[in-house]
Amino acid sequence: MAAVRARLTLPRSVVVLGLVSFLNDAASEMITPLLPLFLTMTLGAGPMVVGLIEGVAEATASLLKLISGRLADRGVPPKWLLLGGYGISNIARPLVGLALSWSWVLGLRFFDRVGKGVRTSPRDALIAAASGEGRRGHAFGFHRAMDNAGAVVGPLLAFALLSLSVPLGHVFLASVVPGVLVLALLVFGLPGRPPVPPKLETVPLPHLRWSQLDARLKGLLLAAGGLALATVPEVFLVLWARSRGLEIVWVPLIWAAASLVKSLLSWPAGALSDRVGRVPVVFVGWSSRVVLLLALAHAGSAAPTIWGLFLAYAGALALTEGAERALIGDYAPARLKGTAFGLYHLITGALTLPGALLFGTVWQEVGERSAFYLAACLTAVAAAGMLAVLRRG
């Protein structure tokens, strides 16, 4: 029993970062599920613009994730990077409520993602280093569970405000409250600088050269990028649900329910990958994603169908969240954890832009069903590539 308890105990940094992600996602998810509706119904944008904004936002963050990961490896205190990143996001994000055109939203989403780019790689590197290989899936699973739990609370807060006839813009402005709590928790809860293992203190930081990276790590990064290109941004599922007749007032609730599914699955799925291996866990998740994309293309308009497929797709995403990041931590050299996570986020984020644009363009110009067919085919190809890399490892 003592051994089990010790295995389940997480370091303070991991717990604090989990709570930070809980609060930050509560703030973020008060806005995210409503943003495509705000863009299309209030500001008059189309699906192509929705894809453009989401793709530019993620591509922006991806470049900065590499830079911030490199800075963390060079010795910049992760706490400073986390405070800067979360601070920028929680200033820019609520201002979306004041936007008068979709170009304003694009600019504010850009700054929001700048903050995400500054904080993400140092945070993931901190979790990977603090947890150790034997508990890495458990630690990332816990973090993703807390992140998704915040994504349950945020839409519920938005639903409560909408039920009181609060305008969409004012709901966005109210997200500043949990954002302030994020910064307070970082200031008072997170240690200033994580300890560096003695054997690494005197090891100089290697130059960043793609040719010198481990072949398995390079293959894994490229395959993860392929999956990012194929992944359907969840904001499009909101438009899919609306096209099937889901009322606006229910959008925050279905988003919250999807986040609850993720929260319940991501922690045990990450811990399971520590016991049975990463490959079986990710294989189930990726295969499920292909099947569900085809089902979304042919779904009817019955409420149980809308809710069931929306939640099932969220569950398929959650199955692989912790295991995928744990894989990067497994293959990354100890001295280059931040850099490896930076490359992971750079490649996946950069390919999110063309992926989102492609999906939105096909939806708008050819049709919704064709867009989901294309996403299913790309997901199957990318997943096969990643499995081939992992089997070689």
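Residues numbered from 1 in each chain as written. Predicted model: local features only at pLDDT ≥ 70, side-chain atom pairs only at ≥ 80, totals over all residues. Heavy atoms only, no water.

For the rest of this paragraph, the subject is the overall build of the protein chain. Summing up its helical and strand segments, the protein chain has 17 helices and zero strands in all. Here the C-alpha atoms of the protein chain give a radius of gyration of 20 Å, agreeing with the 21 Å that 2.2 N^0.38 yields for 393 residues. On the principal axes, the C-alpha backbone points of the protein chain span a range of 60 × 45 × 45 Å. Taken across its 393 residues, the protein chain has 57% of its residues classed as buried. Expressed as a percentage of contacts within the protein chain between residues at least 6 apart in sequence, the contacts between residues at least 24 apart total 87%. For the protein chain, the accessible surface area stands at approximately 15400 Å², while carbon and sulfur atoms represent 70% of it. (Helix = DSSP H or I, 4+ residues; strand = E, 2+ residues; numbered from the N terminus. Rg over C-alpha atoms; globule rule 2.2 N^0.38 Å. Buried < 20%, exposed > 50% of the residue type's maximum accessible area, 1.4 Å probe, protein only. Contact = heavy atoms within 4.5 Å. Areas by Shrake-Rupley, 256 points an atom, 1.4 Å probe, with all protein chains shown as cover.)

What follows covers the nonpolar core. One finds Val 105, Trp 240, Phe 310 and Phe 372 to be the most contacted residues of the largest nonpolar core, which totals 52 residues. Sequence-distant contacts of Trp 240, defined by excluding residues within four places in its chain, comprise Leu 296, Ala 299, Thr 305, Ile 306, Leu 309, Phe 310, Trp 363, Glu 368 and Phe 372. (Core = buried A, V, L, I, M, F, W, Y, C linked by side-chain atoms within 4.5 Å.)

Here we take up the UniProt feature "transmembrane region" (unreviewed entry) in the protein chain. The sites that carry the UniProt feature "transmembrane region" (unreviewed entry) are, in the present numbering, residues 91–111, 145–164, 170–190, 219–242, 248–267, 305–323, 343–364 and 370–390. Between the end C-alpha atoms of residues 248–267 there is a gap of 30 Å, over a span that is 85% helix and 0% strand. What you have in residues 305–323 is 100% helix and 0% strand, and the ends, taken at the C-alpha atoms, are 29 Å apart. (UniProt positions renumbered as here; feature names shortened; annotations may be inferred.)

The N-to-C vectors of helix α7 (residues 136–163) and helix α13 (residues 251–276) enclose an angle of 170 degrees; their axes lie 7 Å apart at closest approach. Taken together, the axes of α7 and α13 lie roughly antiparallel to each other. Split by residue class, the contact of α7 with α13 holds 17 nonpolar, nine polar and four charged. (Axes fitted to C-alpha atoms, helices over the stretch in contact; angles between N-to-C directions. Parallel < 35°, antiparallel > 145°, perpendicular 65-115°, else oblique. Nonpolar A, V, L, I, M, F, W, Y, C, P; charged D, E, K, R; others polar.)

Compared with the 20 Å implied by 1.5 Å per residue over 14 residues, the 20 Å span of helix α9 (residues 176–189) between its first and last C-alpha is a close match. Within the sequence span of α9, burial applies to Pro 178, Gly 179, Val 182, Leu 186 and Gly 189. One side of α9 holds all its buried residues, which, seen down the axis, span an arc of 125 degrees. Facing away from the buried side of α9 by over 90 degrees, the exposed positions are Val 177, Val 180 and Phe 188. Packing partners of the buried residues in α9 comprise α2 (12–28), α5 (78–92) and α8 (168–174). (Expected span 1.5 Å × (residues − 1). Arc of directions from axis to C-beta.)

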